[in-house]
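Coordinates in review
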Amino acid sequence: VQLQASGGGLVQAGGSLRLSCAASGRTFSSYAMGWFRQAPGKEREFVAAISWSGGSTYYADSVKGRFTISRDNAKNTVYLQMNSLKPEDTAVYYCAADQVVAVIWLEYDYWGQGTQVTVSS
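Structural notes, computed from the coordinates. This one's a predicted model, so the numbers in the text were calculated from it and none came from an experiment.

The rules behind these values
Residue positions within a chain follow its written sequence, with the count starting from 1. With pLDDT at 70 or above as the cut-off, local features in this predicted model cover only qualifying residues; side-chain atom pairs require 80 or more to be listed or tallied, and sums for whole chains, interfaces and linings still use all residues. Side-chain numbers here rest on the full set of heavy atoms in the structure, without hydrogens or water. Pairing of aromatic side chains here covers Phe, Tyr and the six-membered ring of Trp, requires ring centres within 6.5 Å, and sorts the geometry by plane angle: under 30 degrees stacked, over 60 edge-to-face, intermediate tilted. Think of it this way: any DSSP run of H or I at least four residues long counts as a helix, any run of E at least two long counts as a strand, and we number them from the N terminus. Only protein chains enter the area calculation, which uses a 1.4 Å probe; residues under 20% of their type maximum are buried, those over 50% are exposed, and those in between are partly exposed. Two cysteine sulfur atoms form a disulfide, by the criterion used here, when they sit within 2.5 Å. In the analysis that follows, any N or O atom pair within 3.5 Å is treated as a polar contact, provided that within protein one partner can donate a hydrogen and the other can accept it, and provided that, for residues neighboring in sequence, both atoms belong to side chains. It only takes one pair of heavy atoms within 4.5 Å for two residues to be counted as in contact.

A few words on the packing of aromatic side chains. Any two aromatic rings considered together are summarised by their centre-to-centre distance and by the angle between their planes. With the rule as written, the count across this model stands at seven aromatic pairs. A ring pair is formed by F36 and Y108, whose centres lie 5.2 Å apart and whose planes are at 75°; its orientation type is edge-to-face. With F36 in strand 4 (residues 32-38) and Y108 in the loop between strand 9 (91-98) and strand 10 (110-111), the pair connects residues that are 72 residues apart, well separated along the chain. Considered together, F36 and Y108 belong to a single accessibility category, that of buried residues. On the numbers, 6.3 Å between centres and 70° between planes, the contact of W105 with W111 is edge-to-face. Assessed through its relative accessible area of 37%, W105 is described here as partly exposed.

Spelled out as structure tokens, the structure:
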């Protein structure tokens, strides 16, 4: 499966962005999807994940209550709605796909190219 992330940009603290990850190739609806992020000099970290059906979602404590992951299997797209953004949310955000939902980035087989999110204070 090929993944294409988009929607990043520059936003002020307290603002919102919605990231999208469009999938092509194999059956998107059979894959769990995750969002990860990596800030300069830091390790890649888990942000959110969603099961293939959308029935189960998982969040890092740092984004719980502010970010929402969702998917539209008819459009082969997963979304990350980010509200109340903070400067510490600044990072490159990656979407990933795998047959089993996971919170560890090493578990994912397929990755998008990343989209930059910058939150100014």
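Turning to the state of the cysteines, a few remarks are in order. Counted according to the given criterion, the structure contains one disulfide. With a sulfur-sulfur separation of 2.1 Å, C21 is cross-linked through a disulfide to C95. Residues C21 and C95 are joined by a disulfide whose S-S torsion is about 65°; by sign, that bridge is right-handed. Here the residue C21 occupies a position in strand 3 (residues 17-24), and C95 occupies one in strand 9, the gap between them amounting to 74 residues.

Time to look at the side chain of R37. Residue placement: R37 occurs in strand 4. Within the structure, R37 has its side chain in polar contact with the side chain of D89 (distance 2.9 Å). At a separation of 2.9 Å, a polar atom in the side chain of R37 contacts the side chain of Y93. Leave out the neighbours within four places in its chain, and R37 touches E43, R44, E45, V47, S62, V63, F67, E88, D89, A91, V92 and Y93.

Turning our eyes to something else, we now look at the environment of Y93. Structurally, Y93 is set in strand 9. Spatially, the C-alpha atom of Y93 lies 21 Å from that of G25, the residues being 68 residues apart in sequence. Not counting chain neighbours up to four residues away, the residues in contact with Y93 comprise L19, W35, F36, R37, V47, F67, L80, M82, G114, T115 and V117. Looking at Y93, its side chain comes within polar contact range of the main-chain oxygen of D89, at 2.6 Å.

Function cannot be read off these values alone, since they describe shape.
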